[in-house]
Number of protein chains: 2
Amino acid sequence: MPQHSHDTQIDESQPQPLTKDPSCRRRSQRCHQAILSATIELLEEKGYSGVSVEAIAARAGVGKQTIYRWWTCKAGVIMEAYADYAAKSVPMPETGSVKEDLRQILHQLSTILTTTSTGAALAGLIAEAQANPEMADVFREKFVASRRAMTRTILERGIERGELRPDFNMDVAIDVTYGPVWYRLLIKHAPLDETFVEELVTMLMVWMQVQ
Amino acid sequence: MPQHSHDTQIDESQPQPLTKDPSCRRRSQRCHQAILSATIELLEEKGYSGVSVEAIAARAGVGKQTIYRWWTCKAGVIMEAYADYAAKSVPMPETGSVKEDLRQILHQLSTILTTTSTGAALAGLIAEAQANPEMADVFREKFVASRRAMTRTILERGIERGELRPDFNMDVAIDVTYGPVWYRLLIKHAPLDETFVEELVTMLMVWMQVQ
DNA sequence: CAGTAGACGAGACGTTTTGTCTCGTATATA
DNA sequence: TATATACGAGACAAAACGTCTCGTCTACTG
């Protein structure tokens, strides 16, 4: 039977995970859920920087050590708390039209970022990732990579169908799709609204589509 | 003669400034410069999160109170330390071609973000702004607004010359210009290089120019 | 040419948060 | 039923923030 990672210092070579052995059978499901729920509640009430591990523990009716037993830091808890949001909100659209697919993706993303606490959570996680390269790795993998991969698929399908030119830079296209969204989320100089999404999609299509 | 703001609590209605009365004649120019230099040194050595007020004070050979006398928080010091970089690096290009103007702007921005510690500094400041709305205001004003205004001028000139369509959304166009750059700076999934800038400018022009 | 206000270096201090450690208790597996 | 181990509670050290108070030095002011 494998020992738990908090007993022996393994995991030193790999990019250190932000959670520890979540498959252990003896883990209390009640605690696990209480911690994640308390995290989301606190983030909604006080914003990312208002969440502390002690506050989570108190709200969840849990000892602080119970949190540190299963996660390596606060960001790990918050990531897991919002991983569901992020995962569930990425259904691959397949309307037959690249423009409509992109519209759906960006509409859903901007909606979830502005109408739930997910926007504040992700902004805080990006902020934290600036000080913590391991966190940055996990963040990219968990919240960025899947959306980028999905968008890539959509665009490649568009090229195969002859809807899009085959010679634009795919990585840059994906950056142009998401970059402006994150930019408005983080800088907050203008709202992430429908007009914005519509203009963005239109612009992308003008660039990428067969003339 | 006006009292200093740290003696009486004025500045409560306005967005609280991150510096305090920098015009005072009795301020030691030696300290001022030593603090800003130490800040940049430390940020280059240890990154944004490795900079502490105590470390700045020690490196500058200065009392901690001397820092808090003139700035309200660490972020204020870092902003002032990099304000010069940001300001000096925005010469308005005027080549007569929108594409060339944009190319110059983005080339210069990406160069300064990747070859100096300015990139790490701004990423850290954006991170900090997520937890501090007043900081966010100052950041937008100091590091975002001037570039946006300049870009707006360039695009408006292009419209006047008949080089650009008059009917694209100006704000979104500026977001598409800078959003992908910040996105790569903060997420670090791909480099901020020449290819990227070139593709981005090309895409913008395809969208905005008269067909 | 003094006198004085105020900036300065040094560092103690209280606060907050992090992450570790150690109890005694409760619970699930064997 | 026995044992391992997760749990709640909370003490603890370390780090950083921001405030406060010394005694010193310097630059305006009369």
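Owing to the predicted nature of the structure, the values given are computational and were not obtained by experimental measurement.

Student: Account for the interface of chain A and chain B, naming residues and giving values.
Tutor: Taken residue by residue, the interface counts 33 residues in chain A and 33 residues in chain B. Here chain A and chain B share an interface that buries about 3100 Å² over both sides, 68% of which is from carbon and sulfur atoms. Connecting chain A to chain B are two salt bridges. For the salt bridge of Asp175 of chain B with Arg184 of chain A, the shortest nitrogen-to-oxygen distance reads 2.4 Å. Between chain A and chain B we count 14 residue pairs in polar contact (both at pLDDT 80 or more) in total.

Student: Let's hear about the relation of the copies chain A and chain B: which residues, and what values?
Tutor: It takes a turn of 180° to lay chain A on chain B, together with a shift of 0.0 Å along the axis; the resulting RMSD is 0.0 Å. Here the two chains are linked by the operation of a two-fold rotation axis. For chain A, the residue whose C-alpha comes nearest the rotation axis is Ala127 of chain A, separated from it by 1.9 Å. When the interface residues of chain A are mapped onto chain B, 100% of them again lie at the interface, so the same face is used by both copies.

Student: Any chance you could break down the packing of helix α6 (residues 118–129) of chain A against helix α8 (residues 170–187) of chain A for me, citing the residues and the numbers?
Tutor: All names here are of chain A. Contact geometry for α6 and α8: axes closest at 10 Å, N-to-C directions at 90°. Compared by their axis directions, α6 and α8 come out roughly perpendicular. Across from Gly119, Leu122, Ala123 and Ile126 in α6, the residues of α8 making contact are Trp182, Leu185 and Leu186. When its residues are assigned to classes, the contact of α6 with α8 shows six nonpolar, one polar and no charged.

Student: Explain the pattern of salt bridges to me, and be specific about the residues and the numbers.
Tutor: Pairs may arise between side chains of opposite charge once their charged atoms sit close together. By the definition in use, this model includes 27 salt bridges over all chains. The shortest N-O distance in the salt bridge between Asp175 of chain A and Arg148 of chain A comes to 2.8 Å. Here Arg148 of chain A lies in helix α7 (residues 133–160) and Asp175 of chain A lies in helix α8, a separation of 27 residues in the sequence. Residue class for Asp175 of chain A comes out buried when judged on its relative accessible area of 0%. Where Asp171 of chain B meets Arg148 of chain B, a salt bridge forms, and the shortest distance between an N and an O atom there is 4.0 Å. On the criterion of sequence distance, the pair formed by Asp171 of chain B in helix α8 (residues 170–187) and Arg148 of chain B in helix α7 (residues 133–160) is long-range, its members being 23 residues apart. Taken together, the shared-partner salt bridges connect Arg184 of chain A together with Arg148, Arg152, Asp171 and Asp175 of chain B into one network.

Conventions we followed
- In every chain, residue numbers begin from 1 and rise along the written sequence.
- In the order they appear in the text, chains get letters beginning with A and ligands get numbers beginning with 1.
- It should be noted that, the model being predicted, local features are given only for residues of pLDDT at least 70 and side-chain atom pairs only at 80 or more, the latter also being counted only at that level, while totals for whole chains, interfaces and linings use all residues.
- Side-chain measures were taken over the full set of non-hydrogen atoms in the model, leaving aside hydrogen atoms and water.
- Two residues qualify as a contact provided that any one of their heavy atoms is within 4.5 Å of a heavy atom in the partner residue.
- When two parts are brought into contact, each loses some accessible area as probed by a 1.4 Å sphere; the total of that loss over both is the buried area.
- What makes a salt bridge here is a side-chain nitrogen of Lys or Arg within 4 Å of a carboxyl oxygen of Asp or Glu, nothing more.
- A 3.5 Å cut-off defines polar contacts: any pair of N or O atoms within that distance qualifies, except that in protein one atom must be a possible hydrogen donor and the other a possible acceptor, and neighbouring residues in sequence count only when both atoms are side-chain atoms.
- A residue counts toward the fit only if its pLDDT is at least 70 in both copies, and the copies are then superposed by least squares on the C-alpha atoms of those residues.
- Convention adopted: a line fitted to C-alpha atoms gives each axis, helices being fitted over their contacting stretch, and angles between N-to-C directions are expressed from 0 to 180 degrees.
- Numbering of helices and strands runs from the N terminus; a helix is a DSSP stretch of H or I covering at least four residues, while a strand is a stretch of E covering at least two.
- Under this scheme an angle from 65 to 115 degrees is roughly perpendicular, one under 35 degrees roughly parallel, and one over 145 degrees roughly antiparallel; angles in between are oblique.
- Residues were grouped as follows: Ala, Val, Leu, Ile, Met, Phe, Trp, Tyr, Cys and Pro as nonpolar; Asp, Glu, Lys and Arg as charged; and all remaining residues, including Gly, as polar.
- Each residue's exposure class comes from its accessible area (1.4 Å probe, protein chains only) as a fraction of the maximum for that residue type: buried when under 20%, exposed when over 50%, partly exposed otherwise.

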